[in-house]
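# Chain and residue survey
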Amino acid sequence: KLQFLYLIALSGQKQVSAMGSPKRAWRRVLWEERDAAYEDDYVDEATFLKDLKMNALLDSPSYASLVRHSSAIAQQIALVAVYLLAFHAALHGRVDPFALYAVCAAGCAVLCAAPAGRPVVPVEALTTSAWLFFVSPVVRSLTLPWADDTMETMCVLLFLVHLAAADYSPKLGGEEPVATNAASFATVVLSSRLQSPALGFGMMALSVVLFTLSPQPRKQLRGAAPNAWLAGTWLLVGGSTAQLAFVAPALAAGYAATVFGVTFAIPALFRYLQCSAKLQISGPWDEARPKNSLAALEWAKSC
């Protein structure tokens, strides 16, 4: 009983001495005999925000790289514009079928010459050309019951699906069947409105060259010679804009504004929001991030 009372008195003495002793400065250590006033979840207001970093780990791409990647979208839009311009010329009788055949043959020759592109381009070109040649007289009867506004609306929607589903990554091998099928069906519908089966065959062959055979060689050129690919893209955009200006100036202005917005305005807006509006804070309270490549990959997958 006396021993129990002695322990109670001793503990009270320690508490009084601790409360009366001056408070030592808090340190960020795992454990030490600190002052009793510091709890286990104590936060030091003087040093808590000292190591705060804002957007230290934010990987923001440069504006030039964003414009370069967005140029792939501009190139695809320009290809659609080129095909529609060729169809407009064929519809008004300003295109010779043999000239159209020569353009398609030259396009196939250029695609076949692309290194490490598509080794089966000649076989695909010959097979597709033979199939289109035999079905071109029948295509005219495909859309006879359809009204012109119905056909135009369907083609616009199909080309929008093609642009939305196209593969814009620089990696080889990525093909989007939805985009290819949408463009092919739209071109078949348009070719059915031509009075000459020879012109219909030529327009369908042109669509095969532009939308079916060209994606992989264009990606190959993008990886092997990016500057040449970029120059060719803007030559295509400039030529299609100039040609469209002779057909419909208002439409050419809308087309140029769309390409400018997709390629320059939207990347600038993304860059602005990424750098100014996005706020990422980091500090010593964050979990450890591994530096090793394999460990960092596993860490990124777990997040």
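Everything here concerns the structure above.
Residues numbered from 1 in each chain as written. Predicted model: local features only at pLDDT ≥ 70, side-chain atom pairs only at ≥ 80, totals over all residues. Heavy atoms only, no water.

### Some thoughts on the pattern of salt bridges
Enumeration according to the criterion identifies 2 salt bridges in this entry. A salt bridge links Asp 148 to Arg 193; the nearest nitrogen and oxygen atoms lie 3.6 Å apart. Taken together, the positions of Asp 148 in helix 5 (residues 148-165) and Arg 193 in the loop between helix 6 (177-191) and helix 7 (197-213) put the pair 45 residues apart, joining distant regions of the chain. For Asp 148, a relative accessible area of 49% corresponds to the partly exposed category. Here Asp 167 ties to Lys 219 by a salt bridge, and the two come within 2.3 Å at their closest N and O atoms. Here the residue Asp 167 occupies a position in the loop between helix 5 and helix 6, and Lys 219 occupies one in helix 8 (residues 215-224), the gap between them amounting to 52 residues. (Salt bridge = Lys/Arg side-chain N within 4 Å of Asp/Glu carboxyl O. Helix = DSSP H or I, 4+ residues; strand = E, 2+ residues; numbered from the N terminus. Buried < 20%, exposed > 50% of the residue type's maximum accessible area, 1.4 Å probe, protein only.)

### Observations regarding the nonpolar core
Counting 33 residues, the largest nonpolar core has Tyr 83, Phe 159, Leu 190, Met 203, Leu 206 and Phe 211 as its most contacted members. Counting residues per element, the ones that place at least two in this core are helix 2 (63-91), helix 3 (97-112), helix 4 (121-139), helix 5, helix 6 and helix 7. Looking at this core, the element that brings in the most residues is helix 7, giving 11 residues. If we skip the residues at most four places from it in the chain, Leu 190 touches Tyr 83, Leu 84, Phe 87, Met 151, Cys 155 and Phe 159. (Core = buried A, V, L, I, M, F, W, Y, C linked by side-chain atoms within 4.5 Å. Contact = heavy atoms within 4.5 Å.)

### Focus: helix 7
Its 17 residues give helix 7 an end-to-end C-alpha distance of 22 Å, which sits within 8% of 24 Å, the value for a rise of 1.5 Å per residue. Within helix 7, 14 of the 17 residues are buried, which leaves the element mostly enclosed by the surrounding structure. (Expected span 1.5 Å × (residues − 1).)

### Considering helix 5
Side chains of residues three or four places apart in an α-helix project in the same direction, reflecting 3.6 residues per turn. Look at helix 5: 26 Å from first C-alpha to last across 18 residues, which is about the 26 Å you get at 1.5 Å a residue. Burial in helix 5 covers these residues: Met 151, Cys 155, Leu 158, Phe 159 and His 162. Along helix 5, the residues classed as buried sweep out an arc of 95° about the axis, all on the same side. Exposed residues lying more than 90 degrees from the buried face of helix 5 are Leu 157 and Ala 164. As for helix 5, its buried residues are in contact with helix 2, helix 6 and helix 7. (Arc of directions from axis to C-beta.)

### Things to note about the packing of helix 7 against helix 8
Two elements in contact, helix 7 and helix 8, have axes whose closest approach is 6 Å; the angle formed by their N-to-C orientations is 50°. In terms of axis orientation, helix 7 runs oblique to helix 8. Packed against helix 7, whose contacting residues are Leu 210, Phe 211, Thr 212 and Leu 213, the element helix 8 presents Pro 215, Gln 216, Pro 217 and Arg 218 at the interface. Looking at the contact of helix 7 with helix 8 residue by residue, the classes come out as 5 nonpolar, 2 polar and 1 charged. (Axes fitted to C-alpha atoms, helices over the stretch in contact; angles between N-to-C directions. Parallel < 35°, antiparallel > 145°, perpendicular 65-115°, else oblique. Nonpolar A, V, L, I, M, F, W, Y, C, P; charged D, E, K, R; others polar.)

### Some words on the environment of Ala 89
Secondary-structure assignment places Ala 89 in helix 2. You can call Ala 89 buried: its relative accessible area is 15%. On a C-alpha basis, the gap between Ala 89 and Val 247 in space is 9.6 Å, while along the polypeptide they are 158 residues apart. Excluding its chain neighbours within four sequence positions, the residues that come into contact with Ala 89 are Arg 94 and Val 95.

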